[in-house]
Amino acid sequence: NTNDDASPPSRLSTFQTDLQHFLNLTTPFQTYFDSIPHVNKNRMHYPEYMDICQSRYEGLRDVLVRQGETTSEWILQEFLKSEDVVVSGEE
């Protein structure tokens, strides 16, 4: 990471540093994400692919959004309050 003293650390560098400390590692993580090929870079289509934004999937979308809201509420109100949970970059 090439951050100078004037700029805040990136989310990635904060996470890497927090994980390094949590695991008691002495060697920092190396960033290699730029070398990983991007998903769907060539826009290949597969038979099982579906566009969740299509109107025919509106019912499924509603179910997924409701479940996401319920899950988010549980994560914020229950899971993150556990003494066994460590959150990177928590302020």
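Think of each chain on its own: its residues are numbered from 1, step by step along the sequence as written. The predicted nature of this model means local features are confined to residues of pLDDT at least 70 and side-chain atom pairs, given and counted, to a pLDDT of 80 or more, with totals for whole chains, interfaces and linings taken over all residues. With hydrogens and water set aside, each side-chain value is computed from the structure's full complement of heavy atoms.

What follows concerns the overall build of the protein chain. Helix and strand counts for the protein chain come out as 2 helices and 0 strands. Note on exposure labels: buried denotes an accessible area under 20% of the residue type's maximum, exposed denotes more than 50%, and partly exposed covers the range between, all computed with a 1.4 Å probe on protein chains only. Sorting the 91 residues of the protein chain into buried and exposed places 4% on the buried side. Sequence separation of 24 or more characterises 18% of the internal contacts of the protein chain that already satisfy a separation of 6 or more. Methods summary: accessible areas were calculated by the Shrake-Rupley approach with a probe of 1.4 Å, and residue burial reflects only the protein chains presented. Accessible surface, the protein chain as shown: approximately 8700 Å² in total, 54% of it carbon and sulfur. Helix numbers and strand numbers start at the N terminus; a helix is a DSSP run of H or I with at least 4 residues, a strand a run of E with at least 2. Only heavy atoms matter for contacts: two residues are in contact if any of them lie within 4.5 Å across the pair.

By the element assignment, L12 lies in helix α1 (residues 11-22). With 77 residues separating them along the chain, L12 and G89 place their C-alpha atoms 9.9 Å apart.

Quick look at a nonpolar patch on the surface now. On the surface, W74, I75, L76, F79, L80 and V87 cluster together into a nonpolar patch covering about 510 Å² of accessible area. Since its relative accessible area comes to 31%, I75 is described here as partly exposed. Every patch collects residues that have over 30% relative accessible area and no salt bridge, joining them within 9 Å if they carry like charges and within 5 Å if they are nonpolar side chains (Val, Leu, Ile, Met, Phe, Trp, Tyr). By convention in these notes, a salt bridge is any Lys or Arg side-chain nitrogen within 4 Å of a carboxyl oxygen on Asp or Glu.

On to unusual backbone geometry, then. Backbone geometry at N24 places phi at a positive 55°, although glycine is not the residue there. Within the fold, N24 resides in the loop between α1 and α2 (58-77). For N24, a relative accessible area of 67% gives the class exposed.

Attention now moves to α1. In a helix, the anticipated span is given by 1.5 Å times the number of residues less one. The first and last C-alpha atoms of α1 sit 16 Å apart over 12 residues, in line with the 16 Å expected at 1.5 Å per residue. Along α1, the residues classified as buried are S13, Q16 and Q20. Down the axis of α1, the sector holding all buried residues measures 65°, keeping them to one side. Every exposed residue of α1 that faces more than 90 degrees away from the buried side is listed here: R11, H21 and F22. Downstream of α1 by one or two residues, N24 has phi in the positive range, about 55°. Each direction from the helix axis to a C-beta atom contributes to the arc, which is the arc of those directions.

Right, let's get into the side chain of Q20. Within the element layout of this structure, Q20 appears in helix α1. According to the relative accessible area criterion, Q20 is buried, its value standing at 12%. With residues up to four places along the chain from it excluded, the contact list for Q20 reads L25, T26, T27, P28 and F29.

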